[in-house]
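# Inside the fold
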Amino acid sequence: MQPYLLSLLLFTPLLAALLSLFLPATSAATFRIITVVVNALQVVFLLVLLVNYQAGAGLQFVEMKPWITLNMGNWGILKASYFVGVDGLSLPLVSLAVFILFIATIASWKITQNVKGYFILLLILNAAIIGSFTALDFLLFYLFFEFMLLPMFFLIALWGGPKREYASIKFFLYTLLGSILILIVMIALYVSVHDPSTSGQLVHSFNLLHMADASNFISTSVLDPHRALQLGPFPARTWAFLLLFFGFAIKLPMVPVHTWLPDAHVEAPTPISVILAALLLKIGGYGLARIAFPIFPDAAFDLGWFVGLMGVISIIYGGLNAMASKDLKRLIAYSSVSHMGFVLLGLASFTAEGTAGAVYQMFSHGLISSMLFVLAGVLADRTNDRTISHYSGLAGKMPTYTAFILVAFFASLGLPGFSGFIAEIMVFLGAFKSAGLGGPLHESLAIIATLGLVIGAAYYLWTLQRMFFGPLHVKGEFSVDQLSDLNRREYFILLPLALAILFFGIFPQPLMSVIDPYAQHFAAFVLESGKSLTLNP
Amino acid sequence: MEDVAEQLSSIKASFILLGPELVLSTGIVVLVTLGLIKKIQRTTLTVMSALTFVLAIAVSFALIRAMTQESAALFGGMLRHDSFSSYLDLLIDISGLLTVAMTWRRQQEQRALSEYYALLLTITLGAHLLVMSVNLLMVFLSLEMVSLSSYALAGFAFSRKGTEGSLKYFLFGSVSSAAMLYGFSLLYGLTGTMDFASGEFTRHLISHPSPLFFIAAFLGLAGFLYKMAAAPLHPWAPDVYEAAPMPVIAFFAVVPKLAGLGVLTRFTLALYAYGQSSFDWQFVLSLVALLSLTVGNFSALWQKNAKRLMGYSSIAQSGFLLVGVAAFVPQGIHYMLFYASVYVVMNFLVFLYLQYFESLGFSTLESFAGSGKILVWPSVFLLVGFVALTGLPPTGGFTGKLFIFSSLWDAYQHSGKGVLLLLMIFGLLNTVVSLFYYLRIPFYAFVRSGEFNAKPNYLTFENLLGLILVLGVLYLFFNPGLLMGWINKINFVL
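Residues numbered from 1 in each chain as written. Chains lettered and ligands numbered in written order. Predicted model: local features only at pLDDT ≥ 70, side-chain atom pairs only at ≥ 80, totals over all residues.

Within chain B, the secondary structure is distributed over 22 helices and two strands. Radius of gyration (C-alpha) of chain B: 22 Å, near the 23 Å computed for a compact globule of 494 residues. Buried positions account for 59% of the 494 residues belonging to chain B. In chain B, 80% of the contacts between residues at least 6 apart in sequence involve partners at least 24 apart. (Helix = DSSP H or I, 4+ residues; strand = E, 2+ residues; numbered from the N terminus. Rg over C-alpha atoms; globule rule 2.2 N^0.38 Å. Buried ≥ 20, exposed ≤ 12 C-beta atoms within 10 Å, placed from the backbone. Contact = placed C-beta atoms within 7 Å.)

See the structure below:
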């Protein structure tokens with residue numbers, strides 16, 4: 001089983017989706033059960049994977065099968081493969097995905113309208129997310145990356161809130177724009193790179209590992225790092241990096257291309273919000289760490305200050321927007337923008353600490369934001385109203401709910417003992433050390449970014465005070481009686497999330513031991529090759 | 001006397017290679033004759049025309065298999081038979097067959113059915129000849145053969161709108177034909193030869209770079225661009241598309257387009273003269289592609305009628321096809337043929353279901369509201385078609401675009417021309433624009449709720465054919481190697 005673990009993870013949901021397609025739509029329970037069984041199977045596969053994973057041993061569970069091989073005569077051979085594997089970057093994210101998708105399925109239990117369609121789309125989305133995190137062939141990655149869009153679009157457009165049409169189309173257009181930017185670079189890259197393992201006819205491969213090796217570039221290609229071709233104001237490679245950067249930054253999302261996120265979050269049904277925040281955003285950060293930085297380390301190094309600056313702007317601006325939000329879900333959405341800024345800052349530091357912090361932040365934010373969106377969903381389910389100012393003194397009426405809110409809010413604002421703290425402290429460490437180790441970030445950026453923590457504390461504490469403390473009273477078109485405390489299903493969803501957040505806040509070691517070797521290697525590689533390629537044009 | 005004998009034997013040899021065209025001509029005669037019989041069954045006519053197309057496909061296929069030499073000049077250099085033309089002919093015949101299938105499934109009875117089928121066959125025959133033409137006169141004759149029949153066919157809805165569309169088509173067509181003829185006569189004067197694929201033509205082109213050459217060739221291009229519905233000679237398309245019967249539009253969106261594309265490829269490659277031409281034809285074609293993409297996509301955004309929308313979509317698709325030619329690299333032509341094949345499949349997929357929905361009373365975009373919840377499978381298949389036209393994975397539309405733009409990037413790497421980079425970036429960004437309108441019908445169908453109510457019957461011919469086309473479009477994504485393997489055997493000789 002071991003050599004096919006990743007394929008099993010990937011194709012089980014697809015097969016289940018195919019099976020569901022041919023079942024009659026009448027019995028809603030069938031589709032829920034199928035999806036839960038798929039999730040449970042994925043957990044089993046993941047456990048086997050985790051047990052057999054050797055930290056620090058690089059890529060593992062690699063599967064490589066030829067997919068497309070076209071012999072184009074003099075031009076060479078076009079080669080794409082089914083190439084998957086996991087390392088210290090993807091393993092935490094794959095684990096997160098399996099865990100969160102399980103949670104999302106449970107949270108979808110209350111979906112009653114067109115259950116068949118919903119769960120089929122959810123299963124397709126499941127496979128696409130796992131695929132994006134494990135693909136090591138650019139074309140395969142792109143397939144999964146785009147394959148997420150259509151199910152997500154329909155999930156928001158069909159099961160979303162009142163302004164779902166606007167939100168879903170905005171989501172689709174923004175993310176498609178991002179993926180087109182990535183597509184442009186993908187085409188330019190695979191034409192420019194040859195497979196070193198073959199001799200004779202030129203083989204243009206989509207293999208991401210080949211692309212990350214500067215010696216594999218064909219010397220006449222525009223993107224050859226040794227040629228350093230100028231295109232207008234910037235070198236060609238800088239342009240390519242910028243396209244990739246903005247392509248992934250839309251997904252991340254980064255200010256100023258973040259505007260689709262609050263709308264999508266506010267309108268999406270709770271489980272979809274959870275997947276969106278916990279997993280889809282991570283693909284932006286993952287893409288930067290897997291594709292943009294290793295393939296264009298020189299351009300990334302040159303623009304490191306810019307990436308860091310955009311990260312800091314996202315942190316501050318996202319935080320300020322969160323503070324100004326009147327809707328609870330919108331507040332959480334903006335806090336996501338703010339937290340994903342740390343990922344940018346960490347990666348841009350070009351240090352092992354910063355990189356590890358960025359990956360840890362992606363993992364931790366996946367847990368925390370899921371919890372936050374589930375909590376917001378709980379309130380919305382009861383009253384259909386998420387306006388912060390309509391609530392006061394909920395702590396007395398909903399004590400268990402408030403306890404979970406406290407955990408989630410404190411985790412999100414970065415209190416020690418919660419997973420967010422570990423991630424952010426590492427990012428700050430990296431950002432402060434960057435300049436000393438020859439990285440591109442100035443200390444001042446790290447200092448400004450710490451302001452983000454203050455803002456985060458401000459909006460969370462303020463919200464706590466407004467909504468949960470003080471005398472109990474509500475406004476709007478609902479009564480206090482509707483505010484019942486958590487039911488068993490909600491409790492069952494929230495408890496594992498809370499426990500995971502606490503566990504990874506108190507014992508970072510298990511996860512760090514996976515991430516750290518990767519982060520060391522990544523930072524050393526991008527810093528080294530970034531500098532050497534820049535210095536010797 | 002020996003000369004005559006030689007000529008006769010050459011003509012005899014030419015006729016064998018002209019098998020598919022002879023089949024088509026026979027089909028035309030048979031259909032027109034059958035039309036004279038008063039009580040002829042409609043089914044007989046349909047079967048006859050389908051049979052003609054099947055036979056033409058079979059003969060084309062056999063000819064490709066039996067091809068011994070790279071290319072053969074027929075009738076003293078009037079036509080050229082090579083694997084390029086055979087492949088395009090095959091695509092054209094398959095499109096013809098699919099059109100017959102669509103016509104057969106039309107709810108409304110088609111008036112003058114035998115003439116209708118005869119015209120379809122005539123256009124197909126003209127398209128065959130156009131793709132093979134290397135002589136300017138022959139180009140003009142076959143282009144007119146396609147055009148004149150198209151004008152008549154465009155009005156076959158026998159409605160006021162149909163007449164209007166047909167007349168617009170005719171007026172536009174005659175102007176661009178006139179421009180083309182003028183250009184051709186200048187070219188003849190400048191080179192002294194009608195055969196644009198000959199060495200003489202190229203020699204004159206290189207040795208006497210006069211601005212008149214540019215004007216003449218540019219005017220000549222007008223006729224092809226018009227046939228392809230490429231900007232700036234596109235304005236007829238939406239009107240004709242809106243007014244003509246659905247199978248006719250599906251046919252127009254493929255057959256004249258591919259025929260125009262085929263001859264345009266030959267003609268521009270001759271003009272390009274292996275990069276030795278003193279005029280930058282790459283620049284011209286890139287601009288035309290860019291303009292078609294932009295005009296088509298942006299105009300489509302505001303359309304409310306499904307057929308008009310497809311008219312603008314067809315203009316934009318011409319732009320994508322032209323990208324493959326504009327690259328002027330050998331694999332660009334191969335990739336263009338791949339995209340053309342995918343285009344045939346996705347085009348008919350979309351039109352098949354648009355016709356199906358039209359028969360249920362859906363014509364404006366808004367009217368599709370709620371149909372996706374009742375007619376699930378047809379709507380899903382239509383969605384796949386639109387996703388393919390947008391160019392998203394996992395459909396062949398994506399693979400085609402990926403290939404075409406790869407060759408463009410290659411061309412850019414070789415020449416370093418900014419316009420190619422511009423075409424690449426704007427061409428791909430156009431996908432985002434196109435998504436917005438391609439997704440509108442599925443959006444109304446699935447997301448909006450409507451009052452439409454019907455008991456769906458999924459076991460229909462449409463759904464069988466639709467399923468085949470859907471599987472085809474998906475297959476071309478997951479395994480493009482098979483088709484590309486065939487296309488790669490095409491030896492493109494000018």
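Quick look at the overall build of chain A now. When you go through chain A residue by residue, the secondary structure sums to 21 helices and five strands. At 23 Å, chain A has a C-alpha radius of gyration in line with the 24 Å of a compact globule built from 537 residues. For chain A, the spread of C-alpha atoms along the principal axes amounts to about 75 × 60 × 45 Å. The 537 residues of chain A split such that 61% are buried.

Now for the pairing of strand β2 (residues 79–82) of chain B. Side-chain direction in a regular strand flips from residue to residue, so the side chains alternate between the two faces of the sheet. Residues and elements named next belong to chain B. The alternating pattern of β2 places L79 and H81 on one face and R80 and D82 on the opposite face, and all of these are buried. Across four bridges, strand β1 (residues 71–74) lies against β2 in antiparallel orientation. By the bridge assignment, A73 is partnered in β2 with R80. Here β1 folds back onto β2 in antiparallel fashion, the turn holding four residues, of which F75 has a positive phi close to 50°. (Pairing = 2+ DSSP bridges.)

Here we take up the packing of helix α1 (residues 5–21) of chain A against helix α2 (residues 28–52) of chain A. All names here are of chain A. Put simply, α1 and α2 touch, their axes get as near as 9 Å, and they point 175° apart. Here α2 runs roughly antiparallel to α1, going by the angle between their axes. From α1, L5, L8, L9, T12, P13, A16, L19 and S20 reach across to α2, where they touch F31, I34, V38, L41, Q42, F45, V48 and L49. Its residues assigned to classes, the contact of α1 with α2 shows 13 nonpolar, three polar and no charged. (Axes fitted to C-alpha atoms, helices over the stretch in contact; angles between N-to-C directions. Parallel < 35°, antiparallel > 145°, perpendicular 65-115°, else oblique. Nonpolar A, V, L, I, M, F, W, Y, C, P; charged D, E, K, R; others polar.)

The strands making up a sheet associate through hydrogen bonds between their backbones, and the pairing can be parallel or antiparallel. Residue and element names in this part refer to chain A. In space, the three strands of this open sheet follow the order β1-β2-β3, with mixed pairing throughout. Of all strands in the sheet, those with a lone pairing partner are β1 (60–71) and β3 (203–205), marking the two edges. Sheet twist, expressed as the average angle between the axes of neighbouring strands with direction ignored, equals 25°. As paired elements, β1 and strand β2 (residues 77–86) share nine bridges and run antiparallel to each other. Bridging across to β2, L70 finds its partner in L78.

Each partner contributes to the interface: chain B provides 26 residues, whereas chain A provides 29 residues. Of all the secondary-structure elements, those providing two or more residues to the side of chain B that touches chain A are α15 (330–359), α18 (396–415), α19 (418–438) and α22 (480–488) of chain B. Ranked by residue count, the leading element in the side of chain B that touches chain A is α19 of chain B, at eight residues. Of the residues that constitute the side of chain B that touches chain A, the class distribution is 19 nonpolar, six polar and one charged.

With that settled, the discussion passes to helix α14 (residues 328–348) of chain A. Residue and element names in this part refer to chain A. Helix length check: α14 (21 residues) gives 31 Å between terminal C-alpha atoms against 30 Å at 1.5 Å per residue, within 8%. Burial within α14 is extensive, with 21 of its 21 residues counted as buried. Trailing α14 by a residue or two, F350 shows a phi angle of about 60°, which is positive. (Expected span 1.5 Å × (residues − 1).)

Residues with a pLDDT of 70 or more make up 99% of chain B, whose mean pLDDT is 88. Model confidence for the complex is summarised by a pTM of 0.92, with the ipTM given as 0.90. (pLDDT = per-residue confidence, 0-100.)

We now examine the packing of helix α7 (residues 164–192) of chain A against helix α10 (residues 260–267) of chain A. Residue and element names in this part refer to chain A. At a closest axis distance of 9 Å, the pairing of α7 and α10 adopts a crossing angle of 135°. As judged from the angle between their axes, α7 and α10 are oblique. For the pair α7 and α10, the crossing hand works out as left-handed. Here α7 contributes R164, Y166, A167, K170, F171 and Y174 to the contact with α10, which in turn contributes W260, D263, A264 and E267. Looking at the contact of α7 with α10 residue by residue, the class counts come to six nonpolar, no polar and four charged. (Left-handed = near helix turned anticlockwise from the far one by under 90°.)

Following L252 of chain A, the chain continues into P253 of chain A via a peptide bond in cis, with omega recorded as -10°. Its place among the elements puts P253 of chain A in the loop between α9 (236–251) and α10. Between A231 of chain B and P232 of chain B the backbone carries a cis peptide bond, its omega angle lying at 5°. With respect to the helices and strands, P232 of chain B occurs in the loop between α9 (211–228) and α10 (236–243). In this structure, N384 of chain A is a non-glycine residue whose phi angle is positive, near 60°. Along the chain, N384 of chain A falls in the loop between α15 (352–383) and α16 (394–397). The phi angle at F328 of chain B is positive, at roughly 55°, despite the residue not being glycine. Among the secondary structure elements, F328 of chain B is positioned in the loop between α14 (306–326) and α15. Among the residues examined, F328 of chain B registers 23 C-beta atoms within 10 Å and is labelled buried.

In this section: the environment of L402 of chain B. Assignment of secondary structure puts L402 of chain B in helix α18. The sequence separation of L402 of chain B and Y339 of chain B amounts to 63 residues, and the corresponding C-alpha distance is 9.6 Å.

All names here are of chain B. For F75, the location among the structural elements is in the loop between β1 and β2. Under the C-beta neighbour-count criterion, F75 is labelled partly exposed, with 14 such atoms within 10 Å. For the pair F75 and A231, spaced 156 residues apart in the sequence, the C-alpha separation amounts to 34 Å. Apart from residues no more than four positions distant in its own chain, F75 is found in contact with I11 and S14.

This paragraph deals with the environment of K417 of chain B. All names here are of chain B. Within the element layout of this structure, K417 appears in the loop between α18 and α19. Since 15 C-beta atoms lie within 10 Å of it, K417 is described here as partly exposed. Taking C-alpha positions, K417 is 9.3 Å from Q282, a pair spaced 135 residues apart along the chain. Ignoring any residue separated from it by four or fewer positions in sequence, one finds K417 in contact with Q282 and Y412.

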